[in-house]
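Overview (structure and organization)
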Amino acid sequence: GYFIELFPFIVDLGLAHYIPFSIGLLIISMILFIDDYLKIKKRVPLFHLLNSLLIVVTLITFLTHFFVPYHVSVLTQLVLAIFAIAWIVFLLAHFSLARYQETCYLVLGWMGLLVGSLLYALKVAGVIESNFFVNYAMQIGSIIHFLILTVGLGFGLKFINSSKNRAESQVK
């Protein structure tokens, strides 16, 4: 609406339909963040290769937006987003079960956000029926994500302070 009114030249550039772009950018940024934070390239090279493949597929579907009808582009990105969310949930579960200590709160926080996003995407795709929980699944997941990461930050600060205190007591 307002975006196109403020910048009418984007219609001529073929960028008027920014939803496929935003979905694609979100998928790519989530995959890159998870891959880097969990050090997947070093820990499980096969998963890193699959992440790279998912990024390439996302870029291809992201760029085909110019050549396919808008509804096909949105549907393609939506299906890809559902797959990417399921893949990220798998990655987080795998690293959680592998008991990497630094990823515990990240995994729990992202699980809330991703499960909420997945439920909402499935509702939009018409796979599951609409109800209060599903309608607000993404917001509920975001709240869970925020709360768990806040608790994780608190425990991280407590760990840093206890490490500092131990180091100071060893020096004395």
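Along each chain, numbering runs from 1 in the same order as the chain's sequence is written. At least 70 in pLDDT is required for a residue's local features to be given in this predicted model, at least 80 for side-chain atom pairs to be given and counted, and no such filter applies to totals for whole chains, interfaces and linings, which use all residues. Side-chain numbers come from the whole structure's heavy atoms, not from hydrogens or water.

Helix and strand definitions follow DSSP, with helices as H or I runs of at least four residues and strands as E runs of at least two, each counted in order from the N terminus. The number of helices and strands found in the protein is 9 helices and 0 strands. Ordering the α and β elements of the protein from the N terminus gives α-α-α-α-α-α-α-α-α. A separation threshold of at least 6 residues defines the contact pool for the protein, and within that pool the share at least 24 residues apart is 66%. Total accessible area on the protein stands at roughly 11100 Å², and carbon and sulfur atoms take up 73% of it. A contact between two residues is defined here by any heavy atoms of the two lying within 4.5 Å. The protein chains shown are the only cover counted for residues, whose accessible areas, like all others here, come from Shrake-Rupley with a 1.4 Å probe.

Only C-alpha atoms enter the line fits that serve as axes; for helices the fit covers just the stretch in contact. Angles between N-to-C directions range over 0 to 180 degrees. Look at helix α3 (residues 19-37) against helix α6 (residues 70-97): their axes get within 9 Å of each other, and the N-to-C directions meet at 15°. Judged on the interaxial angle alone, α6 and α3 are roughly parallel. In the crossing of α3 with α6, the sense of the turn from one axis to the other is left-handed. On α6, the residues touching Ile 19, Pro 20, Ile 23, Gly 24, Ile 27, Met 30, Ile 31 and Ile 34 of α3 are Tyr 70, Ser 73, Val 74, Gln 77, Leu 80, Ala 81, Ala 84, Ile 85, Trp 87, Ile 88, Leu 91 and Leu 92. Gly is placed with the polar residues, together with every amino acid not listed as nonpolar (Ala, Val, Leu, Ile, Met, Phe, Trp, Tyr, Cys and Pro) or charged (Asp, Glu, Lys and Arg). For the contact of α3 with α6, the class distribution of residues is 17 nonpolar, 3 polar and no charged. Between 65 and 115 degrees an angle is taken as roughly perpendicular, under 35 as roughly parallel, over 145 as roughly antiparallel, and anywhere else as oblique. Crossings are assigned a handedness: left-handed for a near helix turned anticlockwise from the far helix by less than a right angle, right-handed for a clockwise turn.

Before going further, it helps to examine unusual backbone geometry. Note: most peptide bonds trans; most residues except glycine with negative phi. The phi angle at Lys 39 is positive, at roughly 50°, despite the residue not being glycine. Within the element layout of this structure, Lys 39 appears in the loop between α3 and α4 (40-43). You can call Lys 39 partly exposed: its relative accessible area is 39%. A simple rule labels every residue: compare its accessible area, found with a 1.4 Å probe on the protein chains alone, to the largest value its type can have, and call it buried under 20%, exposed over 50%, or partly exposed in between.

This part takes up the nonpolar core. Nonpolar cores were defined as sets of buried Ala, Val, Leu, Ile, Met, Phe, Trp, Tyr and Cys residues, with membership established by side-chain atoms within 4.5 Å. With 26 residues, the main nonpolar core has Ile 34, Leu 92 and Trp 110 as its most contacted residues. The set of elements that each furnish at least two residues to this core consists of α3, α5 (45-63), α6 and α7 (104-124). Ranked by residues supplied to this core, first place goes to α6 with 9 residues. With near-sequence residues (within four places) excluded, Ile 34 lies in contact with Ile 40, Ile 88, Leu 91, Leu 92 and Trp 110.

We now examine a nonpolar patch on the surface. Nonpolar side chains (Val, Leu, Ile, Met, Phe, Trp, Tyr) are joined into patches within 5 Å and like charges within 9 Å, using only residues with over 30% relative accessible area and no salt bridge. Whenever a carboxyl oxygen of Asp or Glu lies within 4 Å of a side-chain nitrogen of Lys or Arg, that contact is scored as a salt bridge. On the surface, a nonpolar cluster with roughly 450 Å² of combined accessible area is contributed by Leu 46, Leu 49, Leu 50, Leu 53 and Val 57. Summarising the element assignment, Leu 53 is placed in helix α5. Given the relative accessible area of 51%, Leu 53 is considered exposed.

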